[in-house]
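# Remarks on the overall topology
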Amino acid sequence: MGAREIGVTNAAPMGCLPVLITLFGSHSNECVDRLNNDSIDYNKNLNKTSQNLRKILPGIKLVVCDIYQPLYNLVTNPSENGFSETRRGYCGTGLLETAIICNNMSIGTCANASNYVFWDGAHPSEATNKILADTMVAADIPLLMS
Ligand SMILES: *[C@@H]1O[C@H](CO)[C@@H](O)[C@H](O)[C@H]1NC(C)=O
Ligand SMILES: *[C@@H]1O[C@H](CO)[C@@H](O)[C@H](O)[C@H]1NC(C)=O
Ligand SMILES: *[C@@H]1O[C@H](CO)[C@@H](O)[C@H](O)[C@H]1NC(C)=O
Ligand SMILES: *[C@@H]1O[C@H](CO)[C@@H](O)[C@H](O)[C@H]1NC(C)=O
């Protein structure tokens with residue numbers, strides 16, 4: 001419809017989201033490879049589609065902003081960025097509660113989210129979002145502005 005500067009985030013490492021480890025992790029606390037592979041497949045296709053669009057749409061700036069790798073790095077190497085909790089979200093038990101199930105009545109919510117990679121079972125915490133945003137500003141915005 002005429003838009004020519006587009007940034008699109010790719011898929012997160014789904015297998016590392018606390019709620020999906022709880023549901024599909026076979027009682028392990030590790031990221032679920034099978035689900036991460038699905039994200040990687042999706043992201044490969046997103047890359048391909050974006051390349052095709054760049055060929056057929058003159059003057060387009062279409063940037064795929066990578067969420068997968070920075071979030072994966074935080075989950076697998078939390079201490080490097082000052083995080084200590086990756087398996088549980090901050091809200092409630094942190095193992096299942098997601099979105100509206102997560103609220104100020106959730107039992108077990110901790111006092112300080114700053115060491116938590118995840119806010120709830122699926123969504124990054126404010127501290128994580130800051131790192132993801134900084135990564136995008138550094139890596140992707142220049143490509144859109146160039
Ligand atoms: C995920 O992909 C890796 C690399 O292609 C492969 O070695 C591994 O077997 C896959 N794991 C699952 C559970 O599909
Ligand atoms: C998508 O393309 C980016 C930039 O070229 C690359 O860094 C990334 O590894 C690719 N992702 C996948 C899943 O192939
Ligand atoms: C919980 O949040 C709701 C909506 O923001 C608010 O109206 C309510 O007072 C809060 N309750 C407590 C116990 O903080
Ligand atoms: C939360 O924890 C961080 C890191 O330990 C600390 O810097 C910060 O002051 C704490 N915030 C509150 C409100 O206690």
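Quick caveat, the model's predicted, so the values are computed rather than measured. (Residues numbered from 1 in each chain as written. Chains lettered and ligands numbered in written order. Predicted model: local features only at pLDDT ≥ 70, side-chain atom pairs only at ≥ 80, totals over all residues. Heavy atoms only, no water.)

## Quick look at the packing of helix α3 (residues 68-76) against helix α4 (residues 126-139)
One way to put it is that α3 packs onto α4 with a least axis distance of 10 Å and a crossing angle of 140 degrees. Judged on the interaxial angle alone, α4 and α3 are oblique. Crossing angle aside, the handedness with which α3 passes α4 is right-handed. Residues P70, L71 and L74 of α3 form the contact with α4, whose own contacting residues are T128, I131, L132 and T135. Grouping the amino acids of the contact of α3 with α4 by side-chain chemistry returns five nonpolar, two polar and no charged. (Axes fitted to C-alpha atoms, helices over the stretch in contact; angles between N-to-C directions. Helix = DSSP H or I, 4+ residues; strand = E, 2+ residues; numbered from the N terminus. Parallel < 35°, antiparallel > 145°, perpendicular 65-115°, else oblique. Left-handed = near helix turned anticlockwise from the far one by under 90°. Contact = heavy atoms within 4.5 Å. Nonpolar A, V, L, I, M, F, W, Y, C, P; charged D, E, K, R; others polar.)

## Description of the site of ligand 1
Every residue lining ligand 1 is accounted for by D33, R34 and N37. The separation between an oxygen atom of ligand 1 and a polar side-chain atom of N37 is 2.4 Å. About the coverage of ligand 1: the protein hides 28% of its 360 Å² of free accessible area. (Near = heavy atom within 4 Å. Polar contact = N/O pair within 3.5 Å; in protein donor to acceptor, adjacent residues only side chain to side chain. Areas by Shrake-Rupley, 256 points an atom, 1.4 Å probe, with all protein chains shown as cover.)

## With respect to the state of the cysteines
Applying the stated criterion across every chain yields a total of two disulfides. Across the disulfide from C16 sits C31; the S-S distance is 2.2 Å. A torsion of 115 degrees about the S-S bond marks the disulfide between C16 and C31 as right-handed. Of this pair, C16 sits in the loop between β1 (5-9) and α1 (18-24) while C31 sits in the loop between α1 and α2 (33-56), placing them 15 residues apart in sequence. According to the relative accessible area criterion, C16 is buried, its value standing at 1%. In this model C91 forms its disulfide with C102; the gap between the sulfur atoms is 1.9 Å. Placement of C91 in the loop between β3 (85-89) and β4 (116-118) and of C102 in the loop between β3 and β4 is noted, with a sequence separation of 11 residues between them. Take C91 and C102: they sit in the same class, and that class is buried. Listing the disulfide partners of the protein by sequence rank of the bonded cysteines yields 1-2, 3-4. Free cysteine: C110, not disulfide-bonded; nearest cysteine sulfur from C91 at 8.7 Å. (Disulfide = S-S within 2.5 Å. Buried < 20%, exposed > 50% of the residue type's maximum accessible area, 1.4 Å probe, protein only.)

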